[in-house]
Each structure stands twice: as C-alpha cells, then as structure tokens.
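Breakdown of the fold
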Number of protein chains: 2
Amino acid sequence: MKIVILGTGNVASQLANALKIAGHDLLQVYGRNKEAAYKLSKQHNTTFTDDLKKINTKADIYIIAVADAAIPTIVKKLALKNQVIVHTSGSISLDVFKNNYTNCGVLYPVQTISKNGKTNFRTTPFGIEASNTKSLKVLEMIAKSLSANVFHINSDQRKTLHLAAVFANNFTNHLLTIAEKILSNKNLPFDLLKALIEETVKKIRTHSPASVQTGPAERKDSVTLEKHLKMLEKNPLYKKIYIAISESIQESK
Amino acid sequence: MKIVILGTGNVASQLANALKIAGHDLLQVYGRNKEAAYKLSKQHNTTFTDDLKKINTKADIYIIAVADAAIPTIVKKLALKNQVIVHTSGSISLDVFKNNYTNCGVLYPVQTISKNGKTNFRTTPFGIEASNTKSLKVLEMIAKSLSANVFHINSDQRKTLHLAAVFANNFTNHLLTIAEKILSNKNLPFDLLKALIEETVKKIRTHSPASVQTGPAERKDSVTLEKHLKMLEKNPLYKKIYIAISESIQESK
C-alpha cells in the first residue's frame, strides 16, 4: 500500500521502518520540523514536506503519529477528501476526525516505543477502530502486515487500555527509577535488583499479579512499614508514593 | 555442611530444596507449626521439631527463615552456643543476635520467593554479613554453593536494598494488579499489556530506567493527565497513586 506518515517522533520513525520492511510504499514524510522530516525521509529514500498543503494526495492511507495535542490541528489543516486517515494515539477518540473525514480510523500499538533500537511490532498488540467498512479493511491490512496480534477496540475501551498501560509501563518504570535512586544514594548498584525485577515479570506470565502480591504491606507488617517511612523522611515525594501504594495493597486484600 | 533450617514458609522451603541439591546435609527442620515442619522434613527425608529446646546441636549452621517479627523470639529461645547462626531478612539488623551469639550472620537473597515452583538461586544475588571471620567463612561457603552472585553488605546498606526491592518488586506488582483491574472493569484482557510489560523490563537491562521514562507525566501532557484523573474518580486509592507518581515523575525531570 501507498502510505504517507505524518510525524517524525518515536512512533512515526518506528512505524515508517516497520512498514517499509513489510513491503509498503512510503510516499512521503510530513514533519513540522523540516530537518527531522528530511532526515526520516532520507532514511527511507522518499520525499518529505513541512507544509500540510503539500501533502501527496495519492496514498491509500495517511498515518498521523504525532503528540496528542497536535492531532486536531493536523486534522483540520489537511486538505484530503476520501482518503483513509488514521491516528495512533491511545487517548484521542475517533471523533477527532468526524467533522473532516468519513474514511478514518485509529491504529494503536500497545507498546512503549523508543526512537532507537528496533521495536518488535510482530508481538505488539495493535488495537484498531474505523469509521466504516472501507477504512476498516485498509486498516486491517496495514495492522496485520505489522503484527500477529490485531484486535478491534472502540475509543472508550482504548482510553481505558491507555490508562492501564500508563500504570503498567510509565509508572512501573518510575518505581524502578526510584529504586535505582534509593540504591545510588548509598552507593549500591542497580544491578542487584535485576534478577528480582526479571522474576517479578516472569511470574505474571502465568499468574494474575493480584495472586502473587508479597511484601510488608501485603503482610500488614507495620514494623517494617514504619521503618521504611522513616527512611524516606527526607524524600516526601517517594514517601507519598510509598504510603499510597501500601494503602492500596492493604485495601485490596 | 550440616544445616538446620528454622522456618517452613516460602524462603525456608526454597532454601531447604536448594541446599539439598547443592549437596548439603539437612539435619532438621524446625517449625512452630508441627504439621508444616513435618511436611517439609518429609520432603527432604530428615527430622523435624516444633520445640526450640529440641534443636539438633550438631549442625555447622542454623538458618532462621521466618517472618521478621518472629526472629528475636527464636534467637532468645534457641539454646545454642558457638554454632553459626544466621537469618535471611532484608530489614533486620545483625544486632538481633548480639546478646546471644558471637558467631552469627545474615544471608539475604535479593529475590521474590514463592512456595511453589523452583526459585532460581543461581542467578539470585545473595547479600552476606557476618560477625567475625569464622562465621563469614561458613556463610560464604553456603552462599557460594547456592549462587553465582554473592556480595558483602552491612545491615544499614541491606535495609536500603530491601526498601529499594519493595519499590522494584512489591510496588511494581501492585501497579500491574491495578492495570489488570482497570482493564477487567471494561472486560479487556490483561494479556493486551504483556508485550508492553516485557518491553519495559527489557529496556532496563541496557538503560537506566530514569533515561527511558515516557508517558503523559514525563511529557507534562496536562490534557491527558486530567482525562485520566477523571477516569479514576470512582477509585480514590488509584487516583492518589496516579497523582503521587505523576508528581514525582515531573519533579525528577
């Protein structure tokens, strides 16, 4: 299929790469930042523009992979008609297109995507939603060419999935950051926790996380909880997190 | 070496198992709960007791693997003299032994240990601490027979390591529990997040977690943050966690 990518960030870069590998034809890259658009287009031997009025109109699908806040502006400024247009955001509704496009959809990869390295989209679940059968067909072909795990999800469910992903990925990563900082304050290497972290994730391959909860809060071990809070006294932000999560663990028993 | 294990819980069971496999001689199992002590001793073809006065005095090392709160009582009631005695707790100081024993130590596996399955101690870091050279030698032999990753750590550092482990393991697991609950409330399967969770952990094998932080809080995307808080309105505990972690992410930039 002939594709135009709008965006030059992590998601846009990784999708451009994966779509090329899947055999699609990348017609053009659009970027608000000319330099970035040029760079990404160069990588894939294609054209670029930083002007929404100069978007190539011959593509089968237009993929908007930009920051959530920029999506509505791009949708309004794009001068397309019956082409299929999609965005890749977890938290923006399909309705963002409704005043401008009849053939539209969402292509949401449930994954954390960095610019560097190569994202494994093959194992990444892709949630898709479309305004009509025509768009759905195009979207399904694109998604299935990238991933072995494509599923249908509406805007409301997708927002829930995105919220859950924030807890499971962004917040989890921040807890690991805190652990790293607590250790480095005492000159202890983060490596000491790596086997534990791997095991934590290994367990939930086969168990519900609720069923394998351990630790002082789970045991209602108030002596240890008090010790830990005292150790965190100089860091009110960490202490607040410690209290909030411990409370939630105890309430969920 | 000849070993007596005091305790019948997750850590005691897994250690008993690993110590036998490493070729040690498990002389006896002590458990406050007679049934549990019998069961664990049976598994390893050895003797058991529920009476601290009947502890076999011929072992080279006594390993106390019980709940933190029960350690001081066991230490006081045990009628041993020059034998090496250790506990396995992350948060209890070596001082717990000081009025009763000269040959003592700590054997702390930095791992989450379930009763079922087999814990891979070979890759588990073991933090050891001892009161003197004699105890250290015994402790080192035991630890190295179990793990390829044995390191020295004092009581103060060990407490810090334990606190960091609570963030990295217990709290992380609770965030995954929350993600699972948020999804199940909308009839979405937790499986949708598994590739994302695997990737989150994969990243920190090669990157500092602080350097790969993503998400609405990191981007200071206040529109999405507001949307999420609204979605969590009916769950004040989750909302409190969302606010506390987002605040900490934004402050750590």
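Residues numbered from 1 in each chain as written. Chains lettered and ligands numbered in written order. Predicted model: local features only at pLDDT ≥ 70, side-chain atom pairs only at ≥ 80, totals over all residues. Heavy atoms only, no water.

Things to note about the sheet that holds strand β1 (residues 2-6) of chain B
Either a parallel or an antiparallel arrangement is found when strands of a sheet pair, and the pairing is made through backbone hydrogen bonds. Residue and element names in this part refer to chain B. Read across the open sheet, the eight strands follow the order β3-β2-β1-β4-β5-β6-β7-β8; overall the sheet is mixed. The open sheet has two free edges, formed respectively by β3 (47-49) and β8 (150-152), since each of these has just one partner strand. Each neighbouring strand pair of the sheet contributes to a mean axis angle of 25°, computed without reference to strand direction. Pairing of strand β7 (residues 126-130) with β8, which is carried by three bridges, proceeds in the parallel orientation. Paired with Gly 127 across the bridge in β8 is Phe 151. Sheet strands in contact with helix α2 (residues 34-43) are β2 (25-30) and β3, and its direction is about 165° off that of β3. Taken strand by strand, helix α5 (residues 155-184) contacts β5 (84-87), β6 (104-109), β7 and β8, and its axis lies near 20° from that of β6. (Pairing = 2+ DSSP bridges. Helix = DSSP H or I, 4+ residues; strand = E, 2+ residues; numbered from the N terminus. Axes fitted to C-alpha atoms, helices over the stretch in contact; angles between N-to-C directions. Contact = heavy atoms within 4.5 Å.)

Observations concerning the interface of chain A and chain B
Taken together, the 83 residues of chain A in the interface contact 83 residues of chain B. Summed over both sides, the interface between chain A and chain B buries roughly 8,100 Å², with carbon and sulfur atoms accounting for 68% of that surface. Applying the counting criterion to the chain A and chain B interface returns six salt bridges. One can count 36 residue pairs in polar contact (both at pLDDT 80 or more) joining chain A with chain B. Among the elements that line the side of chain A that touches chain B, the one with the most residues is helix α5 (residues 155-184) of chain A, at 27 residues. Along the lines of polarity and charge, the residues of the side of chain A that touches chain B split into 42 nonpolar, 25 polar and 16 charged. (Buried area = accessible area lost by both parts, 1.4 Å probe. Salt bridge = Lys/Arg side-chain N within 4 Å of Asp/Glu carboxyl O. Polar contact = N/O pair within 3.5 Å; in protein donor to acceptor, adjacent residues only side chain to side chain. Nonpolar A, V, L, I, M, F, W, Y, C, P; charged D, E, K, R; others polar.)

Some details on the sheet that holds strand β5 (residues 84-87) of chain A
All names here are of chain A. Strand order in the open sheet formed by eight strands is β3-β2-β1-β4-β5-β6-β7-β8, with mixed pairing between adjacent strands. For this open sheet the edge positions go to β3 (47-49) and β8 (150-152), each flanked by a neighbour on one side alone. Here the strands of the sheet are splayed against their neighbours by 25° on average, with no regard to which way each runs. Against the sheet, helix α1 (residues 10-21) engages β1 (2-6), β2 (25-30), β4 (61-64) and β7 (126-130), with an angle of about 170° to β1. Sheet contacts for helix α4 (residues 133-146): β1, β4, β5, β6 (104-109), β7 and β8; angle to β7, the most-contacted strand, approximately 165°.

Focus on the relation of the copies chain A and chain B
The operation relating chain A to chain B is a screw motion whose rotation component is 180°, with 0.0 Å of axial translation and a residual RMSD of 0.0 Å. What the rotation and shift describe, once combined, is the action of a two-fold rotation axis. When C-alpha positions in chain A are compared against the rotation axis, the closest is assigned to Thr172(A), at 2.7 Å. Take the interface residues of chain A: 100% of them recur as interface residues in chain B, which is what a same-surface contact looks like. (Least-squares fit on C-alpha atoms with pLDDT ≥ 70 in both.)

Considering the side chain of Ser145(B)
Here Ser145(B) is to be found in helix α4 (residues 133-146). Setting aside residues up to four positions removed in sequence, Ser145(B) forms contacts with Ala22(B), His24(B) and Arg122(B).

Section: the packing of aromatic side chains
For the coordinates displayed, the defined rule picks out 10 aromatic pairs over all chains. With centroids separated by 5.1 Å and ring planes inclined at 75°, the aromatic side chains of Phe167(B) and Phe171(B) adopt a geometry described as edge-to-face. You can see Phe167(B) and its partner Phe171(B) sitting in helix α5, four residues apart, about one turn around the helix. In this pair, the class of Phe167(B) matches that of Phe171(B), namely buried. Members of the aromatic cluster, each reached through a chain of ring pairs, are Phe167(A), Phe171(A) and Tyr242(B). (Phe/Tyr/Trp six-rings, centres within 6.5 Å; stacked < 30°, edge-to-face > 60°. Buried < 20%, exposed > 50% of the residue type's maximum accessible area, 1.4 Å probe, protein only.)

What about the confidence of the model for chain A?
Predicted confidence across chain A gives a mean pLDDT of 96, with 100% of residues reaching 70 or more. Across the whole predicted complex the pTM is 0.94, and at the interface the ipTM reaches 0.95. (pLDDT = per-residue confidence, 0-100.)

Quick notes on α1(A)
All names here are of chain A. With 12 residues, α1 ought to run about 16 Å at 1.5 Å a step, and its terminal C-alpha atoms sit 17 Å apart, in line with that. All buried positions along α1 are accounted for by Ala 12, Ser 13, Gln 14, Leu 15, Ala 16, Ala 18 and Leu 19. Each element contacted by the buried residues of α1 is listed here: β1, β2, α2 (34-43), β4, β7 and α4. (Expected span 1.5 Å × (residues − 1).)

Section: the pattern of salt bridges
The tally for this structure, following the rule as stated, stands at 12 salt bridges over all chains. Taking the shortest distance from any N to any O, the salt bridge between Glu198(B) and Arg205(A) comes out at 2.6 Å. Here the residue Glu198(B) occupies a position in helix α6 (residues 194-206), and Arg205(A) occupies one in helix α6 (residues 194-206), the pair thus bridging two chains.

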